[in-house]
Amino acid sequence: MQITSFKQYEEDYKKSVENPEQFWGEVAQNFQWRKPWFKVLSWNFNEPNIKWFEGAKLNITENCLDRHLATNGDKPAIVWEPNNPEEESVTYTYKMLHERVCRFANVLKRNGAKKGDRICIYMPMVPELAIAVLACARIGAVHSVIFGGFSAKSIADRINDSQCKVVITADGSYRGNKQIPLKDVIDDALIGCPTVAKCIVLTHIRTPVSMLKGRDVWWEDEVKHVNDICEAEEMDAEDMLFILYTSGSTGKPKGVVHTCGGYMVYAGYTFSNVFNYQPGEVYFCTADIGWITGHSYIVYGPLSQGATSVLFEGIPTYPSPSRFWDIVEKHKVNTLYTAPTAIRSLMSFGEEPLNGKDLSSIRVLGSVGEPINEEAWHWFDEKIGHGKAPIVDTWWQTETGGIMISPIATVTPTKPSFATLPLPGIQPILVDENGNEIEGNGVMGNLCIKFPWPGMLRTTYGDHERCKQTYFSTYENLYFTGDGCLRDEDGYYRITGRVDDVLNVSGHRIGTAEVENAINMHAGVVESAVVGYPHDVKGQGIYAFVIYPEMHGEAELSKKDILQTVTRVIGAIAKPDKILFVSGLPKTRSGKIMRRILRKIAEGDTTNLGDTSTLLDPGVVEEIIAAAKKL
Ligand code: WTA
């Protein structure tokens, strides 16, 4: 199923459009099924109702583990690099990983989990996180991994939305020279989570934790009580595999649902092709498993292909900005897949951290999560790839399950800051505001996808109507991505950023409405409006305009109070970079905030604010501009 020439890409693409069922049916033959499908695809985008590989039975962990045992059992599956470089790295072969996953799957069963139950995972980037994820899949439980940067309240909201029965966590995590008390956060969350019966706690940093009798158990004790034989649960291709919460333009995160069969095929196919993975190579994705990139391209994609996946606990700048390069040298990394924000941050340290580092193992580079600017692209290309490693700028989303538009390493061309061409099976189109297709090249529009692909979301947990409204109602018969896009003269795609009220801060998706809700929860705050502005390292920064008439003491302290509230309500990742206190917001007569004006002010460009005649009180704009200049 690996594409080896541009000609083959063109042929496969053509076939995938002309006869999608045959195309995906053949790709799916490369996976292990307990029972074959009777229909490759049935779909409509109105309800929406999408089914891939109907009737097929499988377990994704048999594809990620069991099927490699006979020939590749002793091959490294996961290489774990700890936060502290003085600590030993740990390698799990496929055999070892299989054994650990089966054992932990039995722990889950012992604690009452069964097929279909939802399980929340809130853990550091340790091998046990991948083991927990796979153990859920082994028994057919649905995992909902929550990124370690979310607060107790965010966790509780997510746990309650999907009524999780079990939580898997650790005492704490290391992040650079900081320690984060994960179990404390979970304890706060669980006060308001009546559905959770059990909490399994891994000892990682050995910080004191409270352990509630009857509810909390230690991971290390539990594994002693079970054996390592666990037959995989037989799953329907369309059974739920996982839920992953993501921000949108409304205040409440949605639980994006992926199913077993289609997701597996899509994650495996795209991993093998986009990175041109070759047997024996070492692949390093720097994302966190708390995000979709980690799900698809640290765990499921690479393991389904028998690859060696590096799992890194720490951050790029600890103990020094050489850390990524040390890891590349130490583990002889062949593929490095990271985010533009990390590249820009490392760029800012100059070339010194690169001195003496042997990066000669690198063959393929990848970028994900946000548009990569040309400067960062060239730096990555020259300094890290030495001009020899193709950069795959991969565009995709939590909802798409896997990479959609991207170069195929060594096969299709790259172009700085362009995601380039759609992968086989992906049919992108650009539409104008009225949903009319914009044809031809050298055009811009809103990016939609007009035909299903196996990795696409099936619903949003507990609220199918919301899935329909968010993705399938803006334009009839199209999946709407929320992204703006340029198709250049050569037909190459360049993603220009979100066209809805979603920010992309350091590659993390954050809805402005969510941040506003959090700020508005601060006592005394009357109203707020949040917009993004260009940020050198983060890509976008968060700019909050806040009406807080009777603030508590000095303005600077009041800002810190608000940041504290946002940290409590969402988590530190959503803290505004700038807060401006204002007496009013620019509103239309119908009461709608004119964000366009606030965005301009946040960008520092107030020369042309456009038509302000419909504003209720144009004077407020002058006041905000004057205050913003002083910030
Ligand atoms: C943005 C991350 C430009 C985009 C996999 C999308 C990108 C959102 C790229 C999804 C890219 C992701 N170039 N923009 N290569 N990749 N995006 O759900 O706005 O965390 O809609 O998935 O990130 O973010 P999410």
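Scroll up a little and you will see the structure.
Residues numbered from 1 in each chain as written. Predicted model: local features only at pLDDT ≥ 70, side-chain atom pairs only at ≥ 80, totals over all residues. Heavy atoms only, no water.

Peer 1: Sorry if this is basic, but what is going on with the packing of helix α17 (residues 595-603) against helix α18 (residues 619-630) here?
Peer 2: Two packed helices can be described by the angle between their axes and the distance between those axes. Between α17 and α18, the shortest axis-to-axis distance is 10 Å and the interhelical angle comes to 25 degrees. By the angle between their axes, α17 is roughly parallel relative to α18. Viewed along their axes, α17 and α18 form a crossing whose handedness is right-handed. Across the interface between the two elements, I597, L598 and I601 of α17 pack against V621, I624, I625 and A628 of α18. (Axes fitted to C-alpha atoms, helices over the stretch in contact; angles between N-to-C directions. Helix = DSSP H or I, 4+ residues; strand = E, 2+ residues; numbered from the N terminus. Parallel < 35°, antiparallel > 145°, perpendicular 65-115°, else oblique. Left-handed = near helix turned anticlockwise from the far one by under 90°. Contact = heavy atoms within 4.5 Å.)

Peer 1: Which parts of the structure should I look at to understand the nonpolar core?
Peer 2: Note that soluble globular proteins tend to have their nonpolar side chains buried in a common cluster. Counting residues in each nonpolar core, the largest one holds 166 residues, and the members touching the most others are W33, F53, F104, I168 and Y300. When residues of this core are assigned to their parent elements, the largest contribution, 10 residues, is made by helix α5 (residues 127-139). Every residue in contact with I168, bar those within four places of it in the chain, is listed here: F104, L108, I119, C120, I121, Y122, M123, A132, C136, I200 and W219. Ranked by size, the runner-up nonpolar core spans 27 residues in total, among them V310, M347, I372 and I384. (Core = buried A, V, L, I, M, F, W, Y, C linked by side-chain atoms within 4.5 Å. Buried < 20%, exposed > 50% of the residue type's maximum accessible area, 1.4 Å probe, protein only.)

Peer 1: Please explain the side chain of D381 as it appears in this structure.
Peer 2: Within the secondary structure, D381 sits in helix α13 (residues 374-384). Buried and unpaired, D381 has no salt bridge, with K383 as the nearest side chain of opposite charge at 10 Å. If near-sequence neighbours (up to four positions away) are discounted, D381 is found in contact with H386, G387, A389 and I391. (Lys, Arg positive; Asp, Glu negative; His and termini not counted. Salt bridge = Lys/Arg side-chain N within 4 Å of Asp/Glu carboxyl O.)

Peer 1: Would you explain helix α6 (residues 152-161) in this entry?
Peer 2: Along an α-helix, a turn takes 3.6 residues, which lines up residues three or four apart on a common side. For α6, the set of buried residues is A152, S154, I155, A156, R158 and I159. Turning to α6, the residues buried within the fold contact β6 (118-122), β8 (166-170), α7 (182-190), β14 (240-246) and α16 (555-569). Phi turns positive, to about 45 degrees, at Q163, one or two residues after α6.

Peer 1: Can you help me understand the packing of aromatic side chains in this one?
Peer 2: Aromatic ring pairs are reported here in terms of the distance separating the ring centres and the angle at which the planes meet. For the structure on display, the rule yields 42 aromatic pairs. Taken together, a centroid distance of 5.1 Å and an interplanar angle of 55 degrees make the contact between F45 and F472 tilted. Here the residue F45 occupies a position in the loop between β1 (39-44) and β2 (49-54), and F472 occupies one in helix α14 (residues 464-472), the gap between them amounting to 427 residues. Taking the relative accessible area as the measure of exposure, F472 reaches 5% and is therefore buried. One aromatic cluster in this structure is built from F23, W24, W33, W37, W52, F53, Y266 and Y269. Seen from the ring of F150, R158 lies directly overhead, with NZ or CZ sitting 4.3 Å from the centre. (Phe/Tyr/Trp six-rings, centres within 6.5 Å; stacked < 30°, edge-to-face > 60°. Lys NZ or Arg CZ within 6 Å of the ring centre and 35° of its normal.)

Peer 1: When you look at the site of the ligand in this model, what are you seeing that I'm missing?
Peer 2: Around the ligand, the structure places 17 residues, and the nearest of them are D393, T398, D483, R498 and R509. Interatomic distance of 2.8 Å between a backbone N/O atom of T394 and a nitrogen atom of the ligand. The fraction of the free accessible surface of the ligand (530 Å²) that becomes covered by protein chains is 96%. Mapped by element, the contributors of at least two residues to the shell around the ligand are α10 (292-304), β20 (391-394) and β25 (493-498). Residue classes in the shell around the ligand are distributed as six nonpolar, six polar and five charged. (Near = heavy atom within 4 Å. Polar contact = N/O pair within 3.5 Å; in protein donor to acceptor, adjacent residues only side chain to side chain. Areas by Shrake-Rupley, 256 points an atom, 1.4 Å probe, with all protein chains shown as cover. Nonpolar A, V, L, I, M, F, W, Y, C, P; charged D, E, K, R; others polar.)

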